[in-house]
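# Analysis of the macromolecular model
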Amino acid sequence: MGSLDGRVVLITGAGRGIGREEALFFAAEGAKIVVNDPGVEIDGTGGDAGVAAGVAEEIVARGGQAVASTDSVSDWEGARRMVATALDAFGDLHVVVNNAAIERNLGLADLGEDEFDDVVAVKLKGTFAVTRWAARHWRERHVAGDRVDRAVVNTSSGSGLLNPLPTQAAYASANAGVAALTTVAALELGRYGVRVNCVSPSMARTRLTLEVPGVGAEPPAGGFDPLHPSAVAPVAAFLAAADCPVTGQVLSVRGSTVTVNQGWSRGPSVHQAGPWTVAGLAAELGGVPLEDPFDKLAQALGGALGVTGRDQLQEMINAQLDRR
Ligand SMILES: NC(=O)c1ccc[n+]([C@@H]2O[C@H](COP(=O)([O-])OP(=O)(O)OC[C@H]3O[C@@H](n4cnc5c(N)ncnc54)[C@H](O)[C@@H]3O)[C@@H](O)[C@H]2O)c1
């Protein structure tokens, strides 16, 4: 018996990378899968219907059940259609895994309006759109007396939650938005029996990360490969299982390390009885330790920041920004 026996699962961006591994893993755990993927390039251009079809065929060849969907999550009607595909093919929908993403990595001063919009449209609006159409169905089923567990598993990134990465203004903003959306949706949809959580992969070897130092290297022969994109799948499956009690959480996944994120939290504050003057606030806040984004980036890169470190980091940022 699998942990997802009988669950109908829609996975977006399931044709490649992490989403593909989730589709294969979920199917092996007994789920029926809608493999959604228009098969676009990293920047969202182009398209290849064979990408989703290939994964669906692979699942069926292994004895599982799957159908392909080539709609884009950023297309409102497309998002509605992919939910309808699950209902038509398998009679219900229990789980949505919002995994699709594209990247347009450019310095903020070079990033165009369309480039920003396109990244946010896939990652943030796409997560909302698919969840919204699924929520419509789930609300209907709940009103009709259905009390089956439903779940949404969103996908965020350390870029947006933990690591401020230069050139990722759009991608980081969208990913931070997905984490915020996760907690709001968990609060709102709980009344219909829907749990909403989020995974935040890190250093998984896919086409998005091949240029990250250390990721593109040859995987070790045999044994556990912590950079393999399949590392995320069991965590997503845990959150998708009907007996999982967890909701409103964002879990980072790096290899087999799973970390509960605690998000933005309250730091020190200053207060006075009446309104602040600009000078008064400047004097009070001047004594409060503030988090430095350079420190965060240095930590993300695995080091501590010294004075020379800051200069090196600035040079690295400049080089990335000047690449265009
Ligand atoms: N690889 C990592 O280490 C890493 C780190 C942090 C976050 N993530 C997140 O994990 C998820 C999967 O990333 P990946 O590394 O497997 O990338 P990937 O590029 O290998 O796979 C993403 C898939 O999404 C599909 N896609 C793009 N636009 C779409 C759209 N409009 N509608 C439906 N599908 C669409 C693509 O065709 C592609 O097959 C993304 O949400 C990404 O932000 C990955």
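Residues numbered from 1 in each chain as written. Predicted model: local features only at pLDDT ≥ 70, side-chain atom pairs only at ≥ 80, totals over all residues. Heavy atoms only, no water.

In summary, the side chains of a regular strand alternate between the two faces of the sheet. Among the five residues in strand 1 (residues 8–12), five count as buried, and that is most of the element. Every second residue of strand 1 is oriented toward a common face, with Val8, Leu10 and Thr12 on one face and Val9 and Ile11 on the other, all of them buried. Two strands pair when backbone bridges link them, and strand 1 and strand 2 (residues 32–36) are joined in this way by five bridges, in the parallel orientation. Looking across to strand 2, one finds that Val8 is bridged to Lys32. Between the parallel pair strand 1 and strand 2, the chain is carried across by helix 1 (residues 17–28), and the sense of this crossover is right-handed. (Buried < 20%, exposed > 50% of the residue type's maximum accessible area, 1.4 Å probe, protein only. Helix = DSSP H or I, 4+ residues; strand = E, 2+ residues; numbered from the N terminus. Pairing = 2+ DSSP bridges. Right-handed = clockwise from strand over helix to strand, strands pointing away.)

As a further point, take the domain arrangement of the protein chain. When the domains of the protein chain are assigned, the result is domain 1 (8–260) and domain 2 (278–321). Computed over C-alpha atoms only, the centres of domain 1 and domain 2 are separated by 32 Å. Three residues, Pro164, Pro166 and Thr167, lead the burial of domain 1 against domain 2; their summed loss comes to 61% of the area buried on that side. Here domain 1 is connected to domain 2 by zero residue pairs in polar contact (both at pLDDT 80 or more). By residue class, the composition of the side of domain 1 that touches domain 2 is four nonpolar, three polar and one charged. (Domains from an automatic or database assignment. Buried area = accessible area lost by both parts, 1.4 Å probe. Polar contact = N/O pair within 3.5 Å; in protein donor to acceptor, adjacent residues only side chain to side chain. Nonpolar A, V, L, I, M, F, W, Y, C, P; charged D, E, K, R; others polar.)

What follows concerns the layout of surface pockets. Of the voids in this model, the second largest pocket is the one considered here, and its volume is about 430 Å³. A per-element tally of the lining of the second largest pocket places helix 9 (residues 293–300) first, with four residues. Partitioned by chemical class, the residues of the lining of the second largest pocket number 15 nonpolar, five polar and one charged. Residue assignment places the lining of the second largest pocket across two domains, with domain 1 (8–260) and domain 2 (278–321) each supplying three or more. (1 Å grid on protein atoms, 1.4 Å probe; cavity = no way out; pocket = protein on both sides within 12 Å on 5 of 7 lines; lining within 4 Å. Points joined across faces, edges and corners; volume = space filled by probe spheres on them.)

Here we come to the sheet that holds strand 3 (residues 65–69). Across the sheet, which stays open at both edges, the eight strands sit in the order 3-2-1-4-5-6-7-8 with mixed pairing between neighbours. Sheet topology places strand 3 and strand 8 (257–260) at the edges, where each strand pairs with a single neighbour. Strand-to-strand, the axes of this sheet are offset by a mean angle of 20 degrees, without reference to chain direction. Alignment of strand 6 (residues 194–201) against strand 7 (residues 250–254), held across four bridges, turns out to be parallel. Within the sheet, the bridge partner assigned to Ser200 lies in strand 7 and is Ser252. Packing of helix 4 (residues 113–143) onto the sheet brings it into contact with strand 1, strand 4 (95–97), strand 5 (150–155) and strand 6, and relative to strand 5 it is tilted by some 180 degrees. (Axes fitted to C-alpha atoms, helices over the stretch in contact; angles between N-to-C directions. Contact = heavy atoms within 4.5 Å.)

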